[in-house]
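Reading the structure
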Amino acid sequence: MPALLNTDLLSTAGTEPGCRFLAEGYLPLPDLLTPDGLDVLRGEARALEAAAQRRDFEMGCMDDSPRHMTTLGGHVIAEKSDLIPGLYQDPRLRQLLRRISGQDITTVPDLLERHVLNILHRVGDTHGAHTDDHPYALVIFLEAPEDPADGGLAHFAPGADSLHDLDTGQARTAHHRAGDAYLLRSDTTAHRVTPHARPGLRRTVLNFAYTTPAAHPLSTPSAAELYG
Ligand SMILES: O=C(O)CCC(=O)C(=O)O
Ligand SMILES: [Fe+2]
């Protein structure tokens, strides 16, 4: 098995002074995966996609924001893959997240939510505005549109009181490439993925949810609706 994670990034990310994660709730982690790691994980995701389910609905508990995507929940991934649960449990990832966040990062007990696969693959596909139930999301890109003009951007509003803050000047967008990742303070940062602007694009991410011993997870129906 090739090394999946880029050890340079594992040892340096979050060490720079004034790390922007605490202020912005977002930190890009470019090239978190090695080229071989990206290949292997992309192959695993392609194999798992056969079990994934198409979702097209508006999420009531998130201001009726749209979901147009194909998803696979953590419980199915745990059944069918050793690689992805193994990566989720890799202590070096929790160590990295501890350094960046300054918090005692732990895994999420809920199998459905701990590691999920999200695939945008049709024109107009989008993962609409929401906050997550757990405080930290590590989003790892296995496929992504090359051109930011094609959509698939992470769009987020730090410290948002309301999902409407995504429509204000405080919101930002970020483009990522396959092999990149980002860390999000996902329970207090309103976020969404901008729609795919044309056919033929694919954006596949793994979302790893993490928590802390002190956190009280929100219990919205959102995960069950999207991954159940
Ligand atoms: O795909 C992304 O960039 C964000 C994913 C996300 O927000 C989620 O899975 O809850
Ligand atoms: Fe999210």
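The text that follows walks through the structure, step by step, so that each part is easy to find. Being a predicted model, the structure only gives us computed values, none of them experimental. Numbers given for residues are sequential positions, taken from 1 along each chain in its written order. Chain A is the first chain written and ligand 1 is the first ligand written, with later ones labelled in order. This being a predicted model, a pLDDT of at least 70 is required before a residue's local features are given, and a value of 80 or more before pairs of side-chain atoms are given or counted; all residues contribute to the totals for chains, interfaces and linings. Side-chain numbers come from the whole structure's heavy atoms, not from hydrogens or water.

**Section: the overall build of the protein chain**
Which entries qualify depends on this criterion: Per the convention used, a helix needs a DSSP run of H or I reaching at least four residues, while a strand needs a run of E reaching at least two, with both numbered from the N terminus. Values of the radius of gyration come from C-alpha atoms, whereas the globule rule sets the reference at 2.2 Å times the count of residues to the power 0.38. Using a 1.4 Å probe on the protein chains alone, a residue whose accessible area is under 20% of its type maximum counts as buried, one over 50% counts as exposed, and one in between counts as partly exposed. By the convention used here, residues are in contact when the closest approach between their heavy atoms is within 4.5 Å. The accessible surface values rely on the Shrake-Rupley method and a 1.4 Å probe; as for residues, cover is taken only from the protein chains in view. Here Asp and Glu are counted as negative and Lys and Arg as positive; His is not counted, and neither are the chain ends. To locate a charge, the coordinates of NZ of Lys, CZ of Arg, CG of Asp or CD of Glu are taken.
Looking only at helices and strands, one finds eight helices and twelve strands in the protein chain. In terms of overall size, the protein chain behaves like a compact globule, its C-alpha atoms giving a radius of gyration of 16 Å where 228 residues would be expected to give roughly 17 Å. Burial status across the protein chain gives 54% buried among its 228 residues. Considering only contacts within the protein chain whose residues lie at least 6 apart along the sequence, 84% involve residues at least 24 apart. Carbon and sulfur atoms make up 51% of the accessible area of the protein chain, which amounts to about 9,800 Å² in all. One way to put it: in the protein chain the 20 positive side-chain charges average out to a point 3 Å from where the 31 negative ones average out.

**Side note on the pairing of strand E5 (residues 115–120)**
To keep things clear, this is the line we draw: Only strands that DSSP links by at least two bridges are regarded as paired with each other.
With six of six residues buried, E5 is to be regarded as a mostly interior element. With burial as the criterion, each face of E5 is covered, one bearing His 115, Leu 117 and Ile 119 and the other bearing Val 116, Asn 118 and Leu 120. Here three bridges tie strand E3 (residues 65–72) to E5, and the two strands are oriented antiparallel to one another. Bridging across to E5, Thr 71 finds its partner in Asn 118.

**What about the coordination of the iron ion (ligand 2)?**
For the record, the criterion: We call an atom a donor if it is N, O or S and sits within 2.8 Å of the metal, or 3.2 Å for Na, K and Ca. Water is not counted, so some sites may look partial.
Here the iron ion (ligand 2) is held by His 130 (NE2), Asp 132 (OD) and His 191 (NE2), and the distances to it run 2.1 Å. Overall, the relative accessible area of 14% leaves Asp 132 in the buried class.

**Examining the pairing of strand E6 (residues 126–130)**
Looking down a regular strand, the side chains alternate between one sheet face and the other. Buried residues dominate E6, accounting for five of its five residues. The pairing of E3 with E6 spans two bridges and is classified as antiparallel. Across the sheet, residue His 68 finds its bridge partner in E6, namely Thr 126. Judged from the two bridges that link them, E6 and strand E11 (residues 190–193) form a sheet pairing that is antiparallel.

**Here we look at the nonpolar core**
Generally speaking, a soluble globular protein has its nonpolar side chains buried in company with each other. Applicable threshold: Within this scheme, the nonpolar core is defined by two criteria: the residues are buried Ala, Val, Leu, Ile, Met, Phe, Trp, Tyr or Cys, and they are joined through side-chain atoms within 4.5 Å.
Counting residues in hydrophobic clusters, the biggest one holds 41 residues, and the most contacted among them are Leu 29, Leu 32, Leu 93, Leu 138, Ile 140, Phe 208 and Tyr 210. If you look at the next biggest cluster of nonpolar residues, it comprises 17 residues, including Leu 120, Ala 160, Val 193 and Leu 226.

**Regarding the site of ligand 1**
Applicable threshold: Each residue is tested against the molecule or strand, and it is near if at least one of its non-hydrogen atoms lies within 4 Å. Distance and chemistry together define a polar contact, namely a pair of N or O atoms within 3.5 Å, with one atom able to donate a hydrogen and the other to accept it when in protein, and with adjacent residues in sequence counting only for side-chain atoms on both sides.
As a structural note, the neighbourhood of ligand 1 is formed by Asn 118, His 127, His 130, Asp 132, Val 139, Tyr 182, His 191, Val 193, Arg 203, Val 205, Asn 207 and Tyr 227. Residue His 130 places a side-chain N or O atom 3.1 Å away from an oxygen atom belonging to ligand 1. At 2.6 Å, a side-chain N or O of Tyr 182 approaches an oxygen atom of ligand 1. Alone, ligand 1 offers 290 Å² of accessible surface; in the complex the protein occludes 95% of this.

**Observations regarding unusual backbone geometry**
Trans is the common state for peptide bonds, and a negative phi is the common state for residues other than glycine. One non-glycine residue, Asp 31, lies in positive phi territory at about 60°. Within the secondary structure, Asp 31 is located in the loop between strand E1 (26–29) and helix H3 (35–48). The partly exposed category is assigned to Asp 31, whose relative accessible area is 44%. Its identity is not glycine, yet Asp 64 carries a phi of approximately 60°, on the positive side. Structurally, Asp 64 can be placed in the loop between strand E2 (53–59) and E3.

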